[in-house]
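Close look at the chain arrangement
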Amino acid sequence: MLADSSIFANREVLSPHYTPQKLLYREREINNIEKALAPSLKGNRGRNLFVYGKTGTGKTSCLKYVIEEVKGIPNTRARISYVNCRIYNSRFRVLNKIIGDHIPTYARRGYGAVDLYEKLTTWIEEDNKILVVVLDEVDLVKDLDDLIYTLTRINSDIKAGGVTIIGISNKVSFKEELDPRSLSTLYETELVFAPYYATEIYAILKDRVGAGFKKDVVDDDAIHYIAAAAAKEGGDARFSLKVLTRAGEIAEERGHQRVTVKEAEDALKISENEIVYDVIATLPEHQKIVLYAVAMLTQSGGSYKKLTDGVDTYLFSGEVYHRYKSISEGIHKDAKSERWYRKYLSELEMQGLIVSYESGKGIRGHTKLIKLLYPTKKMCDVLEKEIFGGGEEKTPAPEDAKAEV
Ligand SMILES: Nc1ncnc2c1ncn2[C@@H]1O[C@H](COP(=O)(O)OP(=O)(O)OP(=O)(O)O)[C@@H](O)[C@H]1O
Ligand SMILES: [Mg+2]
């Protein structure tokens, strides 16, 4: 079937799991990662590095690129472990993964954390190795303070060799949740990945169009359109590739020979929704309920007070809290305090689902005004399914079945 496609030449290079050989506009970042790794390659413990940037800004790709480069260097005492913390999300799992990478005969024998720790320490000391641990999506490690503590303790427990940590995250609020000690350990040096500009995304897409699509089937205007939209979405290259692929699929389904702006527009609409649903599905339950309260109030208005400036509807924070409490009661959940509620609001805002303003003086003293950023009806439907269950039960994929990214 794929051979028959008149649109795609190679779908593989468009897949989200594909690591491109050539990373555009990231020389500075790649250089900085190399610099951070240089001491380790020479056999000294380097400074830890923390890499931060919004989703789809190339953090994982750049790290993997440098790791591949390092693998080709002969006679180095550096050993690298790339750990995807979405899968290895606890201290024990991370340690097990590192051992599995380097001492496979010892892994999977049911040892406890202490055994793993000791094995790892001995292995490093053996011939003064420098272990570089890359923790991707590090914010997802449940007992992160313990993990950071354990990894750094190795350095004081051994006489030779060392451990260097590279952490990667796209969560801004993550810093605040860390123990001050872990924070100063992780943030010895920091590297920030800026969102891509439309022109940069255009070049990234153009490059991928050349490899993934048949010759001359994608209109240049369509690429420009997607690049501009993705830049507006937060400079997310992954999103732009998703829209591009979807546009190709739409053209194919319609039996068209070309991908035009029309297909790009339709693909954008579909992809935007999908992204919102993905985000909503991964929200903690109480945040879902708060968001549902916002969506319901926006939809009904009813006896609730809202402010309308002719275009947008803003809700009072207090009323949203009130509704959140009554929805929680309705499903027999204990509503959290207002302090938690305010935290939920800022998380939802960070995810780009709502926006809030301080009302300033005049409107009821000083209150927060909240606005939903996505279509109300859709949002209500999706959240209803999420909160009250939408027929079939979602069973999470077993941990081991997930492919390692
Ligand atoms: N500079 C680039 N050149 C070419 N392709 C890129 C570039 N940056 C990102 N991409 C593409 O975008 C996709 C997303 O990038 P990547 O996974 O590295 O983002 P990320 O910053 O790790 O995002 P997240 O925070 O969501 O994990 C990659 O699979 C890659 O195909
Ligand atoms: Mg990543």
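Residues numbered from 1 in each chain as written. Chains lettered and ligands numbered in written order. Predicted model: local features only at pLDDT ≥ 70, side-chain atom pairs only at ≥ 80, totals over all residues. Heavy atoms only, no water.

Some points on the site of ligand 1
Going by this rule: Consider each residue's heavy atoms; a residue with any of them within 4 Å of a molecule or strand counts as near. Only the protein chains shown count as cover for residues, and the accessible areas themselves come from Shrake-Rupley with a 1.4 Å probe. In DSSP terms, a helix is any run of H or I states spanning at least four residues, a strand is any run of E spanning at least two, and both are numbered starting from the N terminus. Under the grouping applied here, Gly and all other residues not named as nonpolar or charged are polar, the nonpolar ones being Ala, Val, Leu, Ile, Met, Phe, Trp, Tyr, Cys and Pro and the charged ones Asp, Glu, Lys and Arg. An automatic or database domain assignment is the source of the domain bounds shown.
Around ligand 1, the surrounding shell holds 22 residues, and the nearest of these are Leu 24, Thr 55, Lys 59, Ser 61 and Tyr 196. A total of 630 Å² of accessible area belongs to ligand 1 in isolation, and the protein chains cover 95% of it. Contributing elements (two or more residues each) for the shell around ligand 1: helix H2 (59-71), helix H8 (198-212) and helix H10 (237-253). A breakdown of the residues in the shell around ligand 1 according to their chemical character gives 9 nonpolar, 7 polar and 6 charged. Looking at the shell around ligand 1, you find at least three residues from each of domain 1 (27-193) and domain 2 (196-281).

Some points on the packing of aromatic side chains
In plain terms, the rule: We call Phe, Tyr and Trp rings a pair once their centres come within 6.5 Å, taking the six-membered ring for Trp, and we label the pair stacked below 30 degrees between planes, edge-to-face above 60, and tilted otherwise. For a ring to carry a charge above it, either NZ of a lysine or CZ of an arginine must fall within 6 Å of the ring centroid while also lying within 35 degrees of the normal to the ring plane.
In this structure the tally under the stated criterion is 9 aromatic pairs. Residues Trp 340 and Tyr 344 carry aromatic rings whose centres are separated by 6.1 Å and whose planes lie at 40 degrees to one another, so their mutual orientation is tilted. You can see Trp 340 and its partner Tyr 344 sitting in helix H14 (residues 338-350), 4 residues apart, about one turn around the helix. Residue placement shows Arg 11 over the ring face of Phe 8; its charged tip is 4.4 Å from the ring centre. Residue placement shows Lys 336 over the ring face of Trp 340; its charged tip is 6.0 Å from the ring centre.

Describing the nonpolar core
Cut-off, in case you're wondering: Put simply, buried Ala, Val, Leu, Ile, Met, Phe, Trp, Tyr and Cys residues joined by side-chain atoms within 4.5 Å make one nonpolar core. A simple rule labels every residue: compare its accessible area, found with a 1.4 Å probe on the protein chains alone, to the largest value its type can have, and call it buried under 20%, exposed over 50%, or partly exposed in between. The contact definition used throughout considers only heavy atoms, calling two residues in contact when any of these lie within 4.5 Å.
Counting 33 residues, the largest nonpolar core has Leu 120, Leu 135 and Leu 151 as its most contacted members. Among the elements of the structure, strand S1 (49-53), helix H3 (91-102), helix H4 (113-126), strand S3 (130-136), helix H5 (144-157) and strand S4 (162-169) are those that each provide at least two residues to this core. When neighbours within four sequence positions are excluded, Leu 135 is seen to be in contact with Val 83, Cys 85, Val 94, Leu 147, Ile 148, Leu 151, Ile 165, Ile 166, Gly 167 and Ile 168. Membership of the second largest hydrophobic core comes to 31 residues, among which are Leu 14, Tyr 202, Ile 223 and Ala 230.

Considering the side chain of Asn 48
Assignment of secondary structure puts Asn 48 in the loop between helix H1 (27-41) and S1. Asn 48 sits in the buried class, given a relative accessible area of 1%. Sequence-distant contacts of Asn 48, that is, excluding residues within four places in its chain, are made with Val 163, Thr 164, Ile 165, Thr 185, Leu 186, Glu 188 and Thr 189.

A closer look at the pairing of strand S9 (residues 368-372)
The condition is simple: Pairing between two strands requires that DSSP report at least two bridges joining them.
For S9, a buried count of 4 out of 5 residues is recorded, marking the element as mostly surrounded by other parts of the structure. Pairing between strand S7 (residues 313-316) and S9: 2 bridges, direction antiparallel. Among the inter-strand pairings, Leu 315 is bridged to a residue of S9, identified as Ile 370. Here strand S8 (residues 354-358) runs beside S9; their pairing, made up of 5 bridges, is antiparallel. Looking at the pairing, Ser 356 lines up with Ile 370 of S9.

Things to note about H2
Note the following rule: How far a helix is expected to stretch is found by multiplying one less than its residue total by 1.5 Å.
For H2, built from 13 residues, the straight-helix expectation of 18 Å at 1.5 Å per residue is met to within 8% by its first-to-last C-alpha distance of 19 Å. The complete set of buried residues in H2 reads Lys 59, Cys 62, Leu 63, Lys 64, Val 66, Ile 67 and Val 70. Buried residues along H2 sit against H1, S1, strand S2 (78-84), S3, S4 and strand S5 (189-193).

Here we look at the environment of Thr 60
Our working rule: Any pair of N or O atoms that falls within 3.5 Å is considered a polar contact. Within protein, one atom must be able to donate a hydrogen and the other to accept it, and sequence-neighbouring residues count only if both atoms are side-chain atoms.
Tracing the chain through its elements places Thr 60 in helix H2. Residue Thr 60 is classed as partly exposed on the basis of its relative accessible area of 24%. Taking the C-alpha atoms as reference, Thr 60 lies 9.6 Å from Asn 84; in sequence the two are 24 residues apart. Setting aside residues up to four positions removed in sequence, Thr 60 forms contacts with Tyr 82 and Asp 136. Only 2.6 Å separates the side chain of Thr 60 from the side chain of Asp 136, close enough to count as a polar contact.

Let's talk about the domain arrangement of the protein
When cut into domains, the protein gives domain 1 (27-193), domain 2 (196-281) and domain 3 (285-388). Just the C-alpha atoms count here: the centres of domain 1 and domain 3 sit 39 Å apart.

Points about the pattern of salt bridges
For the record, the criterion: Whenever a carboxyl oxygen of Asp or Glu lies within 4 Å of a side-chain nitrogen of Lys or Arg, that contact is scored as a salt bridge.
One pass over the structure, following the stated rule, counts 25 salt bridges. Among the ionic pairs, Glu 68 bridges to Lys 71, the shortest N-O distance being 3.3 Å. Note that Glu 68 and Lys 71 are positioned in helix H2 at a spacing of 3 residues, about one turn of the helix. Between Lys 159 and Glu 125 there is a salt bridge, with the nearest N and O atoms lying 3.8 Å from each other. Separated by 34 residues along the polypeptide, Lys 159 in the loop between H5 and S4 and Glu 125 in helix H4 bring together distant segments of the chain. Via salt bridges that share partners, Arg 11, Lys 242, Arg 246, Glu 249 and Glu 274 belong to a single interconnected network.

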